[in-house]
Amino acid sequence: MSSVLEHRRTYLRLMRQYTLESGFFTVTDIQKAAGIPRSTAQDWVNRLVQEGCVLLKDGKRGRNAARFAAISAMPSSTCRRIFTTVDGDSVGIYHDCMSGACAAFCGYHHALAGGVIECVQRDGTLLRETARLGSDEISVGLSPLPAVGVCGVDREDGKIVQHIRCIGGPAYSLSDMMARAEGVVRVESEHGPQIVEGKVWTRALMQVTIGIDDTDTRDGGATFALALALLSYVSRQKGVIPISHHVVMLNPDVYTKTAGNSASYIEIAVTPDSFTRLPEKIRRFIADESLSNEWGIAIRTGLGLPEGLRDYGRMVRQQVIGRATAEATAERFGIVTYGGNGVIGALGAVALAGLPNEILLDPKKNNFAEQVTAR
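First things first, this report covers the structure right here in the doc. (Residues numbered from 1 in each chain as written. Predicted model: local features only at pLDDT ≥ 70, side-chain atom pairs only at ≥ 80, totals over all residues. Heavy atoms only, no water.)

## Quick notes on helix H5 (residues 169-177)
To keep things clear, this is the line we draw: Using a 1.4 Å probe on the protein chains alone, a residue whose accessible area is under 20% of its type maximum counts as buried, one over 50% counts as exposed, and one in between counts as partly exposed. By the criteria applied, helices consist of DSSP H or I runs no shorter than four residues and strands consist of E runs no shorter than two, each listed in order from the N terminus.
Most of H5 sits out of view: seven of its nine residues are buried. For H5, every residue scored as buried is listed here: Pro170, Ala171, Ser173, Leu174, Ser175, Asp176 and Met177.

Given below as structure tokens:
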């Protein structure tokens, strides 16, 4: 019986892979891919049609073979999006799940496994990790060992390749679900007696952080709302994947504030080709939609923040900063700015990016270094 179940799993996986790649498969496709007689392939297709795992899309017409498609009562994938950004030897790995529990599970086990993963954070259903290019040996198995880990990350021809080792549920995800996630280019898996090892290819994207401030007036508007509108706008551009939106509280004693003095920043992943025209599109969007003439934007590319930039973030929460200081800081760190006095707070939001929400939202918490949820 175990042999029959193994054959069923193998043939159904092939059928699902063909369906994913081409939208259908034929009996000949399965015969050749599995290296089995045509009669055996036909028997398995008929059997899985009767079980409801496969449906007939187009019947045989003349010399055109019948076309089938694999279906399943299981979710096609609990992985909504998987994408990666790169900055030198650092790689940002983003995994957006259907469930916060799934994101928490993978984050816990990836951190426990170690390997090339250096930092793990979770924001709802989004798991975000920082890894280094290279490889490192890890052990996976049943508890107390981790069930899944990333043992290597490579860069190949504009793609990032994650080398994953897993068992149990994560192995099912790797072999049957991850290939269906948005952003995944290709998945290969190899099944051992207990452990499954695989590779996941995604595009090597740029990480872009955009700070925004002073877009409202005392009569109306809200910077957080315009930041969300901007995130929605840029996400519709070709080659852009949205990551997150955050609110940052700045110095509450600034007398020109409209309310509590909050700024916003958004994060996106972008193909290098798409980034070329993006700053000007962002500038025009904010200029057109802002209710204030003092709106400001700061745009930074890259992953980790240098310590000197963090210092500006601390300063903008404790002091009243002039625009000249903000522009000099932006130039020092290669950050593009547009607009009026709002560039002070916009740059402050960028300088504080990556810190936990409990720090971002409390302007009194300024004794921070690189406070992140590390593994």
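Next comes the rest of the account.
## Brief notes about helix H10 (residues 323-332)
What counts, and what does not: Think of the arc as the fan of directions from the helix axis to the C-beta atoms. Note on definitions: a residue-residue contact is assigned when non-hydrogen atoms from the two residues lie within 4.5 Å.
Within H10, burial applies to Ala326, Thr329 and Ala330. Buried residues of H10, seen end-on, are gathered within an arc of 100° and therefore sit on one face of the element. Exposed side of H10, more than 90 degrees from the buried face: Ala324, Glu331 and Arg332 are the residues found there. As for H10, its buried residues are in contact with helix H9 (307-318), strand E15 (336-339) and helix H11 (342-351). Following H10 by one or two positions, Gly334 adopts a phi angle in the positive range, close to 70°.

## Focus: the packing of aromatic side chains
Keep this limit in mind: Only the six-membered ring of Trp is used, alongside the rings of Phe and Tyr, when aromatic pairs are assigned; centres must lie within 6.5 Å, and planes under 30 degrees apart are stacked while those over 60 apart are edge-to-face, with the rest tilted. Here, a charge over a ring is recorded when the distance from Lys NZ or Arg CZ to the ring centre is within 6 Å and its angle to the ring normal is within 35 degrees.
For the structure shown, the criterion picks out four aromatic pairs. Ring plane angle 15° and centroid distance 4.8 Å describe the contact between Tyr233 and Phe285, whose orientation is recorded as stacked. One end of the pair, Tyr233, is in helix H6 (residues 223-235); the other, Phe285, is in helix H8 (residues 278-289), and 52 residues separate them in sequence. Phe285 gets classed as buried once you look at its relative accessible area, which sits at 15%. Stacked on the ring of Phe24, the Lys or Arg Arg67 has its end atom at 4.0 Å from the ring centre. Between the NZ or CZ atom of Arg186 and the centre of the ring of Trp201, over which it lies, the distance is 4.1 Å.

## Here we look at the nonpolar core
Rules: Here, nonpolar core means buried Ala, Val, Leu, Ile, Met, Phe, Trp, Tyr and Cys residues that are tied together by side-chain atoms lying within 4.5 Å of each other.
With 28 residues, the main nonpolar core has Val153, Ile164, Cys166, Leu174, Met178 and Val200 as its most contacted residues. Look past the residues within four positions of Cys166 in its chain and what remains in contact with it is Val140, Ala147, Val148, Ala171, Leu174, Gln194, Ile195 and Val196.

## Here's the deal with the pairing of strand E13 (residues 262-270)
Counted only if it meets this: In this analysis, strands are considered paired if DSSP registers two or more bridges between them.
Most of E13 sits out of view: eight of its nine residues are buried. Sheet analysis places strand E11 (residues 196-213) next to E13, joined by seven bridges and oriented antiparallel. Opposite Met206, over in E13, you have Val270 as the bridge partner. Bridging between strand E12 (residues 240-249) and E13 involves nine bridges; their strand directions are antiparallel. When the bridges of E13 are listed, His246 appears paired with Tyr265.

## Quick notes on the packing of H6 against H8
Cut-off, in case you're wondering: Inter-axis angles, ranging from 0 to 180 degrees, are taken between N-to-C directions of lines fitted to C-alpha atoms, where helices are fitted over the stretch in contact. Convention used here: angles under 35 degrees read as roughly parallel, angles over 145 as roughly antiparallel, angles from 65 to 115 as roughly perpendicular, and any remaining angle as oblique. For any helix crossing, the convention is left-handed if the near helix is rotated counterclockwise from the far helix by under a right angle, and right-handed if that rotation is clockwise. Throughout, the ten residues Ala, Val, Leu, Ile, Met, Phe, Trp, Tyr, Cys and Pro are labelled nonpolar, Asp, Glu, Lys and Arg are labelled charged, and all others, Gly among them, are labelled polar.
Viewed as axis vectors pointing N to C, H6 and H8 meet at an angle of 140°, and their least axial separation amounts to 11 Å. Comparing the axis directions of H6 and H8 gives the class oblique. Here the hand of the crossing between H6 and H8 comes out right-handed. Each of Leu226, Ala229, Leu230, Tyr233 and Val234 in H6 lies in contact with H8, whose residues at this interface are Leu278, Lys281, Ile282, Phe285, Ile286 and Glu289. Its residues placed into classes, the contact of H6 with H8 shows nine nonpolar, no polar and two charged.

## Quick look at the state of the cysteines
Where we set the bar: To count as a disulfide, a pair of cysteine sulfur atoms needs to be within 2.5 Å.
Within the structure shown, the criterion is met by zero disulfides. Residue Cys97 stays outside any disulfide, its sulfur separated by 5.7 Å from that of Cys106, the closest cysteine. You can call Cys97 buried: its relative accessible area is 4%. The thiol of Cys166 is unpaired, and the distance to the nearest cysteine sulfur, on Cys106, comes to 9.4 Å. Accessibility expressed as a relative area gives 0% for Cys166, which makes it buried.

## Describing empty space enclosed by the protein
Heads up, the rule is: Residues are said to line a cavity or pocket when one of their atoms sits within 4 Å of a point; the points come from a 1 Å grid over protein atoms alone, cavities being sets where a 1.4 Å probe fits but cannot get out and pockets being open sets with protein on both sides within 12 Å along at least five of seven lines. Grid points are joined across faces, edges and corners, and a volume is the space filled by probe spheres set on the points.
Here the structure, examined in full by the defined rule, presents one cavity of 30 Å³ or more. Volume-wise, the largest cavity comes out at about 70 Å³. Of the residues forming the lining of the largest cavity, the biggest block, four residues, is contributed by helix H1 (residues 2-22). Tallied by class, residues from the lining of the largest cavity come to three nonpolar, two polar and four charged.

## Side note on the packing of H10 against H11
Running from N to C, H10 and H11 point in directions that differ by 45°, and their axes come no closer than 8 Å. The angle between H10 and H11 places the two elements in the oblique class. Handedness of the crossing formed by H10 with H11: left-handed. On H11, the residues touching Arg323, Ala326, Thr329 and Ala330 of H10 are Val343, Ile344 and Leu347. Along the lines of polarity and charge, the residues of the contact of H10 with H11 split into five nonpolar, one polar and one charged.

## A few points about the pattern of salt bridges
The following threshold applies: We define a salt bridge as a contact between a side-chain nitrogen of Lys or Arg and a carboxyl oxygen of Asp or Glu at a distance within 4 Å.
Across all of its chains, the model carries eleven salt bridges by this definition. Note that Glu267 and Arg128 form a salt bridge whose closest N and O atoms lie 2.9 Å from each other. Residue Glu267 is found in strand E13, and its partner Arg128 is found in strand E6 (residues 126-132); the two are separated by 139 residues along the sequence. Summarising the burial analysis for this pair, Glu267 and Arg128 share the class buried. Of the charged contacts, one joins Arg284 and Glu280 as a salt bridge, the two residues approaching to 3.8 Å between their closest N and O atoms. A residue pair is termed a helical-turn pair when its members lie 3 or 4 positions apart in one helix, as Arg284 and Glu280 do in helix H8 at four residues. Judged by its relative accessible area of 39%, Arg284 falls in the partly exposed class. Exposure remark for Glu280: the relative accessible area of 32% places this residue in the partly exposed category. Residues participating in the shared-partner salt-bridge network are Glu118, Arg132 and Asp136.

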